[in-house]
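# Chains, contacts and geometry: an overview
Next come the chains, spelled out residue by residue.
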Amino acid sequence: MAILEIRKYPDPTLRMKARSVREITEGILKLAEDMVETMKANKGIGLAANQVGFLHRVIVVDGLGKEGPMVILNPEIVQFEGEETREEGCLSIPGYFELLTRFRKVKVRGLDLEGKEIDFECDGIIARAIQHEIDHLEGILFIDRLSPVKRSLFRKIYLAKKR
Ligand code: ZN
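Residues numbered from 1 in each chain as written. Predicted model: local features only at pLDDT ≥ 70, side-chain atom pairs only at ≥ 80, totals over all residues. Heavy atoms only, no water.

### As for the coordination of the zinc ion
Of the protein atoms, only Cys 90 (SG), His 132 (NE2) and His 136 (NE2) coordinate the zinc ion, at distances of 2.0 to 2.2 Å. All donors of the zinc ion come from a single chain, and their spacing in sequence reads C-x41-H-x3-H. A residue pair is termed long-range when its members are at least 10 positions apart, and Cys 90 in the loop between strand E3 (70–88) and strand E4 (98–111) and His 132 in helix H2 (residues 124–137) qualify at 42 residues. (Donors = N, O, S within 2.8 Å, 3.2 Å for Na, K, Ca; no water. Helix = DSSP H or I, 4+ residues; strand = E, 2+ residues; numbered from the N terminus.)

### Comments concerning the sheet that holds strand E1 (residues 46–48)
Spatially, the 5 strands line up as an open sheet ordered E1-E2-E3-E4-E5, and their pairing is antiparallel. Every interior strand has two partners, whereas the edge strands, E1 and strand E5 (117–123), have only one. On average, each strand axis in the sheet is inclined to that of its neighbour by 30 degrees, with strand direction left out of account. By the bridge criterion, 3 bridges tie E1 to strand E2 (residues 58–61) in an arrangement that is antiparallel. By the bridge assignment for E2, Leu 47 is matched with Val 60. Across the face of the sheet, helix H1 (residues 26–41) comes into contact with E1, E2 and E3 while running at roughly 35 degrees to E2. (Pairing = 2+ DSSP bridges. Axes fitted to C-alpha atoms, helices over the stretch in contact; angles between N-to-C directions. Contact = heavy atoms within 4.5 Å.)

### Details of the side chain of Glu 88
Structurally, the position occupied by Glu 88 is in strand E3. A polar atom in the side chain of Glu 88 sits 2.8 Å from the side chain of Arg 102. Setting aside residues no more than four positions away along its own chain, Glu 88 makes contact with Tyr 96, Phe 97, Glu 98, Leu 100, Arg 102, Arg 128, His 132 and Phe 142. (Polar contact = N/O pair within 3.5 Å; in protein donor to acceptor, adjacent residues only side chain to side chain.)

Okay, structure coming up:
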């Protein structure tokens, strides 16, 4: 197991679309294991493969005590319900948090590491984390979902700080 380096905004990998996993190879198993380790080490509640430089549709989400961390390959949201506004952040945009509205409840489909179909409903923080991580696989960051005013403010503040 290894702790991987997390790509930080504006790294171009964060803007690329990840490819579907067609075969569960040793490489995919190792990536999933390393992603769980990296998420834990950084005290995150979710991580997408793009964030560690791999363009595969792999996400990991903390089960929040109920179960261990979940690995989902080729995750998809097939149903959603309601809305909820909460503060959100991202390990690739450290130190920046903002209120964001997302679906409150989602039905998720994908594959586990044995290639079996996963199909479950969730809400709260897990539902938010899964929506956030699936966005990553599309090259979308949570700041893209903010209003134009907040987004331009973010660019000014965050990028100025990095200089
Ligand atoms: Zn993120």
